[in-house]
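Spelled out, the chains give:
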Amino acid sequence: MPRATSPAPPSPCTAAASGPPSWTPRTSTNPEPSEVVVPQRAQQRAATTPDRTAAGRVVVVTGAGRGLGRAHALAFARAGARVVVNDLGVALDGAGGTGRAAAANGSPAGQVAAEIRAMGGEAAVSTDDVADGEGAARLVRTALERFGRLDTLVNNAGFLRDRMLVNLGEDDWDAVVRVHLKGHFLPMKHAAAHWRAESKAGRPTRARIVNTTSGAGLLGAVGQGNYAAAKAGIAALTLVAAAEFGRYGVQVNAVAPAARTRMTERTFAADMAAPADGGFDAMAPDNVSPLVVYLGSDASDGVTGRVFEAEGGRITVMDGWRRAARADKGAQWEPGELDAPLRELLRRSPDPECVYGAE
Ligand SMILES: NC(=O)c1ccc[n+]([C@@H]2O[C@H](COP(=O)([O-])OP(=O)(O)OC[C@H]3O[C@@H](n4cnc5c(N)ncnc54)[C@H](O)[C@@H]3O)[C@@H](O)[C@H]2O)c1
């Protein structure tokens, strides 16, 4: 057998033996893509004019009892939408839950719905499990029965069970992949079935789906194999759904947020803390919601099949897998002749970005 003649290409990043396991926000040590500077005038307008970007829409937000989902639900309500606030009320690792039998008003979803009503908005409560077939169907029915329509679905619910792969139990794999990946698929399927029926009945829709992926899914994250795989799956599912649902007038995009919630506030306490001097609190979850409201509204016409990172005041288009350098022999390769051309292909292609938690 011919042997490799040159050393392996240097790996751009290697997992630290016990590295931080999560989606540590990118910092200035990583190259930034070209940045669009927001004109001062636009900043002032945003501060003074009430924003009714989602007026008249009916929006379902999953996992909206806490954290980012709560911020999205409140932001949609402020922007004029009627909101179905969904949350199963589980612990950080998915355990427990308020269950459907629990009084909806005492649940995290019920509390957020009460907040919306207190500010003059309209809200309905769902305590359904988004990863359950009947629960996801009931979630969509809740919007149709309570408000007579559905315009936007925000898939956001989820939880974590972080372990290094070698220690990751099957239950922890199954639970995390189920809640994120199936928990996106099922609500999308039921919402899209409704929008397809509307489209076939000659009632055009401008429907929107906003999915929640993660830097962990887009770039990888040490200690989060289950979560990263599920979130990468959500990015791929977003592209497929955008391609399939476009004919029904449905746009589908995904957001990879970074914000201070119970998921991140302990592990990344220093990165996530609010500034002591009262300056811009970049890691507040509310900062992610304007992009979600925009993508979930009429205003985003024509924007579909895209993945964005959102953190503080920063929005980044994530440019996913695309073909880089290519070699074509026009015949079958021998394994032993691949070394030189493969290294040349890698030399001509951009280096991958580092996996979070690798160094
Ligand atoms: N916080 C971040 O920096 C960050 C970064 C990347 C991605 N995300 C993603 O954002 C989303 C929201 O996370 P968060 O940080 O606000 O966490 P969170 O724990 O504050 O909120 C998640 C909510 O989802 C609910 N939930 C869990 N399983 C459910 C189910 N089966 N059905 C219905 N509701 C369910 C929980 O009860 C909880 O209230 C998640 O998908 C998370 O993976 C968060």
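Treat the numbers as computed from the prediction; the structure is a model and nothing was measured.

## Considerations on the overall build of the chain
Inference 1: A count of helices and strands for the chain gives ten helices and eight strands.
Inference 2: Counting over 359 residues, the chain shows a buried share of 41%.
Inference 3: Across the chain, every contact between residues at least 6 apart in sequence was considered, and the portion connecting residues at least 24 apart equals 74%.

## Quick notes on the site of the ligand
Inference 1: In the neighbourhood of the ligand, 35 residues make up the surrounding shell, with Gly63, Gly67, Ala157, Gly158 and Thr261 lying closest.
Inference 2: The set of elements that each furnish at least two residues to the shell around the ligand consists of α2 (67-78), α5 (170-200) and β6 (250-257).
Inference 3: Per element, the largest residue contribution to the shell around the ligand is three residues, and it comes from α2.
Inference 4: Classifying every residue of the shell around the ligand gives 16 nonpolar, 15 polar and four charged.

## With respect to the packing of α2 against helix α3 (residues 108-118)
Inference 1: With their axes 10 Å apart at the nearest point, α2 and α3 run at an angle of 25° to one another. Classified by the angle their axes make, α2 and α3 are roughly parallel. The hand of the α2/α3 crossing is right-handed. Between α2, through Arg70, Ala73, Leu74 and Ala77, and α3, the contact on the second element is made entirely by Val112, Glu115 and Ile116.
Inference 2: Of the residues contributing to the contact of α2 with α3, the split by class is five nonpolar, no polar and two charged.

## Some thoughts on the packing of helix α4 (residues 133-147) against α5
Inference 1: One way to put it is that α4 packs onto α5 with a least axis distance of 8 Å and a crossing angle of 45°. Between α4 and α5, the angle is such that the two are oblique. Crossing hand, α4 versus α5: right-handed. Residue-level inspection shows Gly133, Ala136, Ala137, Leu139, Val140 and Leu144 of α4 in contact with α5, the latter providing Leu186, Pro187, His190, Ala191 and His194.
Inference 2: Each residue belonging to the contact of α4 with α5 can be placed in one class, and the counts come to eight nonpolar, three polar and no charged.

## Considering α5
Because each turn of an α-helix spans 3.6 residues, side chains separated by three or four positions end up pointing in the same direction.
Inference 1: With 31 residues, α5 extends 42 Å between its outermost C-alpha atoms, agreeing within 8% with the 45 Å of an ideal straight helix rising 1.5 Å per residue.
Inference 2: Arg178 marks where α5 bends most, by close to 35°.
Inference 3: Of the positions making up α5, those classed as buried are Val176, Val179, His180, Leu181, Gly183, His184, Leu186, Pro187, Met188, Ala191, Ala192 and Trp195.
Inference 4: Looking at the buried residues of α5, the elements they touch are α4, β4 (152-154), β5 (207-212), α7 (225-245) and β6.
Inference 5: Following α5 by one or two positions, Gly202 has its phi on the positive side, about 80°.

## What to know about the sheet that holds strand β1 (residues 58-61)
Inference 1: On the basis of which strands lie adjacent, the open sheet formed by eight strands has the order β3-β2-β1-β4-β5-β6-β7-β8 and mixed pairing. Only two strands of the sheet have a single partner each, and these edge strands are β3 (123-126) and β8 (314-317). Averaged over all pairs of adjacent strands, the angle between their axes in this sheet comes to 20°, without regard to strand direction.
Inference 2: Two strands pair when backbone bridges link them, and β6 and strand β7 (residues 307-311) are joined in this way by four bridges, in the parallel orientation. Residue Val255 lies in a different strand from β7, and its bridge partner there is Phe308.
Inference 3: Where α3 meets the sheet, its contacts fall on β2 (82-86) and β3, and the angle it forms with β3 comes to roughly 180°.
Inference 4: This element, α5, spans β4, β5 and β6 of the sheet and lies at about 175° to β5.

## A few points about the nonpolar core
Inference 1: Counting residues in each nonpolar core, the largest one holds 86 residues, and the members touching the most others are Ala73, Phe76, Val83 and Val85.
Inference 2: With nine residues, the top contributor of residues to this core is α7.

## A look at the confidence of the model for the chain
Inference 1: A residue-level look at the chain finds 86% of positions with pLDDT of 70 or above and a mean pLDDT of 90.
Inference 2: Mean pLDDT across the elements of the chain bottoms out in helix α1 (residues 40-48) (60) and peaks in β4 (99).
Inference 3: Between residues 1-11, whose pLDDT stays under 50, and residues either more than four places distant or in other chains, the model counts eight contacts.
Inference 4: Contacts for the low-pLDDT stretch residues 17-31, under 50 throughout, to residues beyond four places or in other chains number 30 contacts.

## Things to note about the pairing of β6
For a regular strand, side chains alternate in direction, first toward one face of the sheet and then toward the other.
Inference 1: For β6, a buried count of eight out of eight residues is recorded, marking the element as mostly surrounded by other parts of the structure.
Inference 2: Burial along β6 is two-sided: the face carrying Val250, Val252, Ala254 and Ala256 and the face carrying Gln251, Asn253, Val255 and Pro257 are both buried.
Inference 3: Judged from the six bridges that link them, β5 and β6 form a sheet pairing that is parallel. The residue of β6 that forms the bridge with Thr212 is Val255.

## Describing the environment of Cys354
Inference 1: The topology assignment puts Cys354 in the segment after α10 (339-348).
Inference 2: Sequence separation between Cys354 and Leu219 is 135 residues, and the spatial gap between their C-alpha atoms is 6.8 Å.

## Some points on the pairing of β3
Inference 1: Side chains Ala123 and Val125 of β3 all project onto a buried face; the interleaved residues Ala124 and Ser126 project onto the opposite face, where all are buried too.
Inference 2: By the bridge criterion, four bridges tie β2 to β3 in an arrangement that is parallel. By the bridge assignment for β3, Val84 is matched with Ala124.

Parameters and conventions
- Residues numbered from 1 in each chain as written.
- Predicted model: local features only at pLDDT ≥ 70, side-chain atom pairs only at ≥ 80, totals over all residues.
- Helix = DSSP H or I, 4+ residues; strand = E, 2+ residues; numbered from the N terminus.
- Buried ≥ 20, exposed ≤ 12 C-beta atoms within 10 Å, placed from the backbone.
- Contact = placed C-beta atoms within 7 Å.
- Near = placed C-beta within 6 Å.
- Nonpolar A, V, L, I, M, F, W, Y, C, P; charged D, E, K, R; others polar.
- Axes fitted to C-alpha atoms, helices over the stretch in contact; angles between N-to-C directions.
- Parallel < 35°, antiparallel > 145°, perpendicular 65-115°, else oblique.
- Left-handed = near helix turned anticlockwise from the far one by under 90°.
- Expected span 1.5 Å × (residues − 1).
- Bend = angle between axes of the 7 residues up to and from the residue.
- Pairing = 2+ DSSP bridges.
- Core = buried A, V, L, I, M, F, W, Y, C linked by C-beta atoms within 7 Å.
- pLDDT = per-residue confidence, 0-100.

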